[in-house]
Amino acid sequence: MAGKLSPEREREWIAIASRVVARLLKDELGIDTRRSAERCLGINSRTLAKLNPDSPGTGLQWETLEKILYRIEAVLRFEGTHDEREIDSMMSQARYEISRSYFGEYKPKGKR
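The present account deals with the structure reproduced in this document. Just so you know, these numbers come straight off a predicted model, no measurement behind them.

**What to know about the packing of helix H1 (residues 7-29) against helix H4 (residues 62-79)**
Viewed as axis vectors pointing N to C, H1 and H4 meet at an angle of 15°, and their least axial separation amounts to 11 Å. Considered as vectors, H1 and H4 are oriented roughly parallel to each other. Where H1 crosses over H4, the two elements pack in a sense that is left-handed. On the side of H1, the interface is formed by Trp13, Ala17, Val21, Leu24, Leu25, Glu28 and Leu29, while H4 contributes Trp62, Leu65, Ile68, Leu69, Ile72, Val75, Leu76 and Glu79. Across the contact of H1 with H4, the residue classes break down as 13 nonpolar, no polar and two charged.

Here's what the structure looks like:
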């Protein structure tokens, strides 16, 4: 995406990313506090504060979010409580939801 996102679009994609990350942390890893997430993922508390679903911050970089998603996926694979296909599916869905909010809805133009 060329250029910088408008403040509204930035807030929107970070809010969606916040909900997606919170869902993965709580539902899949059983983590419901920011401090536990910091320890588990080795992520700075200020960065995780930007992903608070009740009050999303601003200034989160796309690369930082990818790092967080990668670490969530790594923990899921390490713990072995989920099937590999389950992990692939849930992480793909999470990335799709976030990407759609960041880049906007893509509508293909007819058949090739």
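**Remarks on the environment of Leu41**
Looking at where Leu41 falls in the secondary structure, it is placed in helix H2 (residues 34-41). Classification of Leu41 by relative accessible area gives buried; the value is 5%. Measuring from C-alpha to C-alpha, the distance between Leu41 and Pro108 comes to 37 Å, with 67 residues separating the pair along the chain. Those residues in contact with Leu41, other than ones at most four positions away along the chain, are Leu25, Ile68, Arg71, Ile72 and Val75.

**With respect to the pattern of salt bridges**
The full count for this structure, using the stated rule, is nine salt bridges. Of the charged contacts in the structure, one is a salt bridge between Glu66 and Arg95, with a shortest N-O distance of 3.3 Å. Placement of the pair is Glu66 in helix H4 and Arg95 in helix H5 (residues 84-103), with a sequence separation of 29 residues. By relative accessible area, which is 23% here, Arg95 ends up partly exposed. The residue Arg77 makes a salt bridge to Asp88 at a minimum N-O spacing of 2.3 Å. Of the two residues, Arg77 is situated in helix H4 and Asp88 in helix H5; the sequence distance between them amounts to 11 residues. Connected through salt bridges with shared partners, the residues Glu66, Glu73, Arg77, Glu84, Asp88 and Arg95 form a single ionic network.

**Considering the packing of H1 against H5**
At a minimum axis separation of 8 Å, H1 and H5 run at an interaxial angle of 165°. Compared by their axis directions, H1 and H5 come out roughly antiparallel. Between H1 and H5 lies a crossing whose hand is right-handed. Contact residues: Arg9, Trp13, Ile16, Ala17, Val20, Arg23, Leu24 and Glu28 in H1; Met90, Met91, Ala94, Glu97, Ile98, Ser101, Tyr102 and Phe103 in H5.

**As for the packing of aromatic side chains**
With the rule as written, the count across this model stands at five aromatic pairs. Relative to Tyr102, the ring of Trp13 has its centre 5.0 Å away and its plane inclined at 90°; by these criteria the two rings are edge-to-face. Here the residue Trp13 occupies a position in helix H1, and Tyr102 occupies one in helix H5, the gap between them amounting to 89 residues. With relative accessibility at 1%, the residue Trp13 sits in the buried group.

Basis of the calculations
Residues numbered from 1 in each chain as written. Predicted model: local features only at pLDDT ≥ 70, side-chain atom pairs only at ≥ 80, totals over all residues. Heavy atoms only, no water. Axes fitted to C-alpha atoms, helices over the stretch in contact; angles between N-to-C directions. Helix = DSSP H or I, 4+ residues; strand = E, 2+ residues; numbered from the N terminus. Parallel < 35°, antiparallel > 145°, perpendicular 65-115°, else oblique. Left-handed = near helix turned anticlockwise from the far one by under 90°. Contact = heavy atoms within 4.5 Å. Nonpolar A, V, L, I, M, F, W, Y, C, P; charged D, E, K, R; others polar. Buried < 20%, exposed > 50% of the residue type's maximum accessible area, 1.4 Å probe, protein only. Salt bridge = Lys/Arg side-chain N within 4 Å of Asp/Glu carboxyl O. Phe/Tyr/Trp six-rings, centres within 6.5 Å; stacked < 30°, edge-to-face > 60°.

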